[in-house]
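So the chains spell out like this:
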Amino acid sequence: MFSSTNNSVSISVSDEESNENRIRARTRRKRKKPGHRTTFELPRYFLRIFLRYWIVLVFLLAVGLLLFESTRIITKSAKLKRSPDSIPNKKNEGNLNRLDPTTKVIGGVRQRCLKLLPPEELEHLDILERKDSSSPVKKLVYLTGTDSSSPVRVNGTTRFNLFTGNQTFTERENSFQVSETVSVHCGFFNENGGFRIKDEDKKFMQSCRVVVSTCAFGGGDNLYQPIGMSKASTQKVCYVAFWDDVTLAAQEAEDQRIGENGYIGKWRIVVVKDLPFVDQRLNGKIPKVDSKSQFRRDPLGVLDALLWRTNSVLAISEHGARSSVYDEAKAVVKKHKATPEEVEVQINQYRHDKLPEDKRFNGKKALCEASVIVREHTPSTNLFMCLWFNEVVRYTSRDQLSFPYVFWRLKVLKKVNMFPVCTRKDLVNSMGHPPRYERRSKFVTESGGGKSKSLTARRLVTRCFSSRPLHVCIVGSGPAGFYTADKLLKAHEGARIDIIDRLPTPYGLVRSGVAPDHPETKIAINQFSRVAQHERCAFYGNVKLGSDLSLSELRDLYHVVVLAYGAESDKNLGIPGESLGGVFSAREFVWWYNGHPDYSSLKPDLQSSDTAVILGQGNVALDVARILLRPTTELASTDIATHALSALEESSIRKVYLVGRRGPVQAALTAKELREILGIKNLHIRIKETDLSVTPADEEEMKSSRARKRIYELLSKAAAAEKGTSEGDCGQRELHFVFFRQPERFLESDESKGHVSGVNLEKTILESVGSGKQIAVGTGEFEDINCSMVLKAIGYKSVPVNGLPFHHKKGIVPNVRGRVVSGDISETEPGLYVCGWLKRGPVGIIATNLYCAEETVGSISQDIEEEGVGKGEKEGSKGLMQLLEKKEVKKIDFSGWEKIDAKEKQMGIDRNKPREKLVTWEDLLAAASADS
Ligand code: NAP
């Protein structure tokens, strides 16, 4: 859609599209039917044949049915056996970048549905501005909640918010009374509420005359680049995509990053803050090109074809399948797009307002979609959009109900071009939602911003269970565990959640994985701690699944068990010398400097030489390199474990080699983290110039990923900056990026038996393996790097527990959208779910767990509703307490953790640090049980 000070379009793809196709197919079949009844002989002949051979016919029919059924069963089981952890959604990928016109047969001639000017004329189109002076509305005054006499109910307790105001029925009624000046509550941007947009973004948008816009909130759809525009439109039209922070994180996790100029391809990305509504469906009502569509036509050409040439103020799409709001209401209920109760309230009001049942108004279809192109933002078109949005806020979020109602009721818009569905289809390539969309929340849950009163299916589930508890146990208290708990508490009023963890301390990777010099990432702890203190949630540390409790015991006690215990082991290289002293996994090193009680006595040798090698070029590799190279004065004021700080202060490591088996274009780093390490003071960056030369395949990779390109540029820039600088004095700190080398074996020291003295690396070249991917292949040429320590940063790995299906190669629990399935027979394990790295493998940042938890909780909700999960009596917490007591397990509850926390913070004050971590089991357990 376009939106601008002048023109705006909203193009959505109807849920009815598929139905429509079916109807058309049926009609065609009817037409093809042979129907020559030229002789009376023919029926008699067929009757004779039938009487003679009916037994054979029945037999053939039976065989046919049998074959059909068996094929169906085979197909179904093949589908089930397909890798359960992959969530395929390729159905619409073929639509991408299609430019072929949508056509229709009119009067026996096939014609284009959207009649654009020829390309050469499009190039000369200019924006046609013509003020609509005929409008009876001359001025629109926007009211906000604060103007209303009734008290303002703020976002979170109602669907009304500051800028829609607490509109009464009388105010609603008045808003439809047209006069020269209309005062109205409006659901779009307003100084008192609505999206917070950066000034520079506002300024940018104000400089545009035509804006094609799209939006994705809550981590939803992918961003599709517009195509098919003329050169003139490329220059005159702005493309703006609105994202929220969750989408930003989701896209970054998939390597879709905003360039420094603020763009991704043609789209200028505007990240909005303070989403005005808890219900994402309301936030997404920005007039836009639907995010599951790719805009594929010349924007100026579209304005010309649908508005300028017809001299219309609005162009609106007819509804694809039905003709009346009342029929649509029935369909909405049938398709579970809104609850019957919600729809009833809305439709009763429309009946009361005397909305006719007619299928046509003034010769035009009575039912339209909210696919609208607005010629210019005048008081009357703005009034129209405001009133429609107010209906969406008041009733269901179904545009198809409110839009035609407002269109009928507000009789000020005369020159309207109602265009057929086929024209709307021509504007976009419909892409469908990616798998991530399914995991996306309909609600903004981040801000802890209360509850929406919209009666969604999920809310109904809540009501069903409010009288009976749903006992849930979450294993693992890291981000995945806490996000799951948070979302479950919000989705199910009856949920009673116990989070158990093998450590006495909560927060998993946030405490023991996030680097100490990244305190901002640890802020998530505030949210997690609020969850832990929720009246329906409890934390029990020092309880280990597998040894203290078995999985079957947990499943007996709880209706729902969610495993979110992450990845506590490492991928191995499987090469000689891997068990030599001085070869550690990056995880071990990270746990050491973060004071994890299992690794506080690791004692890495940082003094025998000046060189360390890190294998792998991901963000974990960067973390450990940074800790090794950053001046310790900068680490001293972080929460780094004191034993690690002391060892680093004594460290003689000055050179760190970061070794990747592929090239600079493929390094698994992110720009922010790379910039951070490149910015360390007095650190010299070494990159071989030959490693920076790129092949056509590399160019292709960079073309399809701005993130890759950015990394490459940063590395090239760093290499150029160091060019000509001397190899330096011996104390100088150096970070060497070594590309195209894979580890062949670890070398054993002659002087110190059993200890590593270097790594033997094989040179590699890249080979394309299709779909733009290149893999490293050994060349048979080798070289050594001598060092006293090697950190393998090639990825984490999860570990199974008894009775849990496990995919050993992938190191994950096989699952379908978080539902655990048995590996071999692909059967869902009732009430057993998984979330986080254990579910999807060791990739992604903390925020990635947000939508991972969203998906798992979505599956749980659905299973409660449809599969009977949650039925029957379970003992929950009470049973857990008894079992732990019987087994003499000394659990640490949240108040125990609070004692640890208080002690650590107190000790931190003495050392000028945010906290001084307790790093042994004994100290942690003692602090937890100390008298307060
Ligand atoms: P990663 O991003 O998957 O990187 C693993 C690295 O190891 C890659 O360079 C990979 O190379 C290499 N590798 C894997 N197997 C190898 C083998 N057999 N031989 C040689 N090299 C091998 O994993 P990670 O660094 O452990 O990070 C895990 C996740 O946490 C990532 O999503 C990361 O972004 C996230 N994280 C984020 C932050 C942050 O945002 N600050 C910090 C830490 C971690 P290939 O590409 O060739 O496979």
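Residues numbered from 1 in each chain as written. Predicted model: local features only at pLDDT ≥ 70, side-chain atom pairs only at ≥ 80, totals over all residues. Heavy atoms only, no water.

### Structural notes on the overall build of the protein
When helices and strands are counted, the protein shows 32 helices and 35 strands. Within the protein, counting contacts between residues at least 6 apart in sequence, those at least 24 apart form 80% of the total. Split by element, the accessible area of the protein, about 43,000 Å² in all, is 53% carbon and sulfur. (Helix = DSSP H or I, 4+ residues; strand = E, 2+ residues; numbered from the N terminus. Contact = heavy atoms within 4.5 Å. Areas by Shrake-Rupley, 256 points an atom, 1.4 Å probe, with all protein chains shown as cover.)

### Observations regarding the pattern of salt bridges
The final tally for this structure, using the stated rule, is 48 salt bridges. Residues Arg 511 and Glu 904 are paired through a salt bridge, measuring 2.7 Å at the closest nitrogen-oxygen approach. With a gap of 393 residues between them, Arg 511 in helix α18 (residues 508–512) and Glu 904 in helix α31 (residues 894–911) connect regions that are remote in the sequence. Glu 904 sits in the buried class, given a relative accessible area of 0%. The salt bridge partner of Asp 901 is Lys 905, with a shortest N-O separation of 3.2 Å. With Asp 901 and Lys 905 both in helix α31 and four residues apart, the pair spans about one turn of that helix. Taking relative accessible area as the criterion, Asp 901 reaches 14% and is therefore assigned buried. (Salt bridge = Lys/Arg side-chain N within 4 Å of Asp/Glu carboxyl O. Buried < 20%, exposed > 50% of the residue type's maximum accessible area, 1.4 Å probe, protein only.)

### Some points on the packing of helix α26 (residues 696–704) against helix α27 (residues 706–722)
The N-to-C vectors of α26 and α27 enclose an angle of 120°; their axes lie 5 Å apart at closest approach. Contacts between α26 and α27 involve Glu 701, Met 702 and Ser 704 on the former and, on the latter, Arg 706, Arg 708, Lys 709 and Tyr 712. The residue makeup of the contact of α26 with α27, split by class, is two nonpolar, one polar and four charged. (Axes fitted to C-alpha atoms, helices over the stretch in contact; angles between N-to-C directions. Nonpolar A, V, L, I, M, F, W, Y, C, P; charged D, E, K, R; others polar.)

### Some remarks on the state of the cysteines
Under the defined criterion, the tally for this structure stands at two disulfides. Note that Cys 113 is cross-linked by a disulfide to Cys 422, the S-S spacing being 1.7 Å. Note on the Cys 113 and Cys 422 pair: the S-S dihedral is about -115°, so by sign convention the disulfide is left-handed. Pair noted here: Cys 113 is in the loop between β3 (109–112) and α3 (119–122) and Cys 422 is in helix α14 (residues 421–427), with a separation of 309 residues, a long-range link. The pair formed by Cys 113 and Cys 422 is uniform in burial state, with each residue classed as buried. Disulfide pairing places Cys 208 opposite Cys 238 at an S-S distance of 2.1 Å. Torsion about the S-S bond of the Cys 208 and Cys 238 cystine: about -100°, corresponding to left-handed handedness. Residue Cys 208 is found in the loop between α5 (199–206) and β6 (210–216), and its partner Cys 238 is found in strand β7 (residues 237–243); the two are separated by 30 residues along the sequence. (Disulfide = S-S within 2.5 Å.)

### A closer look at the nonpolar core
Core analysis: the largest hydrophobic core is formed by 60 residues, its most contacted members being Tyr 593, Ile 614, Leu 628, Leu 674, Ile 677, Leu 735 and Phe 737. Of the residues forming this core, the biggest block, seven residues, is contributed by helix α22 (residues 619–629). Built from parts of two domains, this core gets at least three residues from each of domain 2 (470–567 + 811–890) and domain 3 (570–722 + 731–797). The contacts of Ile 677, once residues within four sequence positions are left out, are Leu 622, Ala 625, Arg 626, Leu 683 and Leu 735. In terms of nonpolar packing, the next biggest core, distinct from the first, is built from 44 residues, Leu 282, Val 325, Leu 367 and Val 393 among them. (Core = buried A, V, L, I, M, F, W, Y, C linked by side-chain atoms within 4.5 Å. Domains from an automatic or database assignment.)

### Observations regarding helix α9 (residues 299–308)
An α-helical segment advances 3.6 residues per turn. Residues three or four places apart therefore align on the same side. Most of α9 is tucked away, with 10 of its 10 residues classed as buried. Where α9 is concerned, the buried positions are Pro 299, Leu 300, Gly 301, Val 302, Leu 303, Asp 304, Ala 305, Leu 306, Leu 307 and Trp 308.

### Considerations on the sheet that holds strand β8 (residues 263–264)
With mixed pairing, four strands are arranged side by side in an open sheet as β6-β7-β9-β8. In this open sheet, the two edge strands, each paired with only one partner strand, are β6 and β8. In terms of strand pairing, β6 meets β7 through seven bridges, oriented parallel. Among the inter-strand pairings, Cys 215 is bridged to a residue of β7, identified as Phe 242. Packing against the sheet, helix α7 (residues 245–253) makes contact with β6, β7 and β9 (267–271), and its axis sits at approximately 95° to β7. (Pairing = 2+ DSSP bridges.)

### Description of the site of the ligand
Close to the ligand lie 19 residues; Gln 617, Asn 619, Arg 661, Arg 662 and Gly 844 are nearest. At a separation of 3.1 Å, an oxygen atom of the ligand approaches a polar backbone atom of Val 620. Here Ala 793 contributes a backbone N or O atom positioned 3.4 Å from an oxygen atom of the ligand. Taking 910 Å² as the accessible area of the ligand by itself, protein coverage stands at 77%. Sort the elements by how many residues they give to the shell around the ligand and α22 lands first, with three residues. (Near = heavy atom within 4 Å. Polar contact = N/O pair within 3.5 Å; in protein donor to acceptor, adjacent residues only side chain to side chain.)

### With respect to the packing of aromatic side chains
In this description, a pair of aromatic rings is defined by centroid distance and the angle of the planes. One pass over the structure, following the stated rule, counts 21 aromatic pairs. Ring centres of Phe 482 and Phe 528 lie 5.3 Å apart, and the angle between their planes is 10°; on these two criteria the pair is classed as stacked. A residue pair is termed long-range when its members are at least 10 positions apart, and Phe 482 in helix α17 (residues 479–491) and Phe 528 in helix α19 (residues 524–532) qualify at 46 residues. The exposure class assigned to Phe 528 is buried, which follows from its relative accessible area of 1%. Ring geometry for Phe 737 versus Phe 739: centroids 6.2 Å apart, planes at 10°, classification stacked. (Phe/Tyr/Trp six-rings, centres within 6.5 Å; stacked < 30°, edge-to-face > 60°.)

### Let's talk about unusual backbone geometry
Generally, phi is negative for residues other than glycine and the peptide bonds are trans, each holding for most cases. Phi at Lys 354 takes a positive value of approximately 70°, unusual for a residue other than glycine. Structurally, the position occupied by Lys 354 is in the loop between α11 (340–352) and β12 (360–361).

### Some remarks on the pairing of strand β23 (residues 611–615)
Within β23, five of the five residues are buried, which leaves it mostly tucked inside the rest of the structure. Burial along β23 is two-sided: Thr 611, Val 613 and Leu 615 facing one way and Ala 612 and Ile 614 facing the other are all buried. With five bridges joining them, β23 and strand β24 (residues 655–659) adopt parallel strand pairing. Within the sheet, the bridge partner assigned to Val 613 lies in β24 and is Tyr 657. Direction of pairing for β23 relative to strand β30 (residues 789–792): parallel, over a ladder of four bridges. By the bridge assignment for β30, Val 613 is matched with Val 790.

### Concerning the confidence of the model for the protein
In this model, the protein carries a mean pLDDT of 82, and residues with pLDDT of at least 70 account for 80%. The low-confidence segment residues 70–91 (pLDDT under 50) makes 20 contacts with residues lying over four places distant or belonging to another chain. Below a pLDDT of 50 lies the segment residues 146–158, which in the model reaches 30 contacts outside its immediate sequence neighbourhood of four places, other chains included. (pLDDT = per-residue confidence, 0-100.)

### Looking at the sheet that holds β30
One open sheet holds the six strands; their spatial order is β22-β30-β23-β24-β26-β25, and the pairing between them is parallel. Sheet topology places β22 (583–585) and β25 (683–687) at the edges, where each strand pairs with a single neighbour. Pairs of neighbouring strands in the sheet enclose a mean axial angle of 20°, with direction left out of account.

### What to know about the side chain of Lys 487
Position of Lys 487 relative to the elements: it lies in helix α17. A polar contact of 3.1 Å, which involves the side chain of Lys 487, links it to the side chain of Glu 854.

### Some words on the side chain of Arg 409
With respect to the element layout, Arg 409 can be found in helix α13 (residues 399–409). Judged by its relative accessible area of 16%, Arg 409 is buried. Discounting chain neighbours no more than four positions away, the residues touching Arg 409 are Arg 172, Glu 173, Phe 176, Gln 177 and Asp 353.

### Overview of the environment of Glu 734
Note on placement: Glu 734 falls in strand β26 (residues 733–738). A residue is classified by how much of its surface remains accessible, and Glu 734, at 3% relative accessible area, is buried. Residues Glu 734 and Leu 683 lie 51 residues apart in sequence; the distance between their C-alpha atoms is 5.6 Å. In terms of polar contacts, Glu 734 uses its side chain to reach the side chain of Gln 732, at 3.1 Å. A polar contact of 2.7 Å, which involves the side chain of Glu 734, links it to the side chain of His 736.

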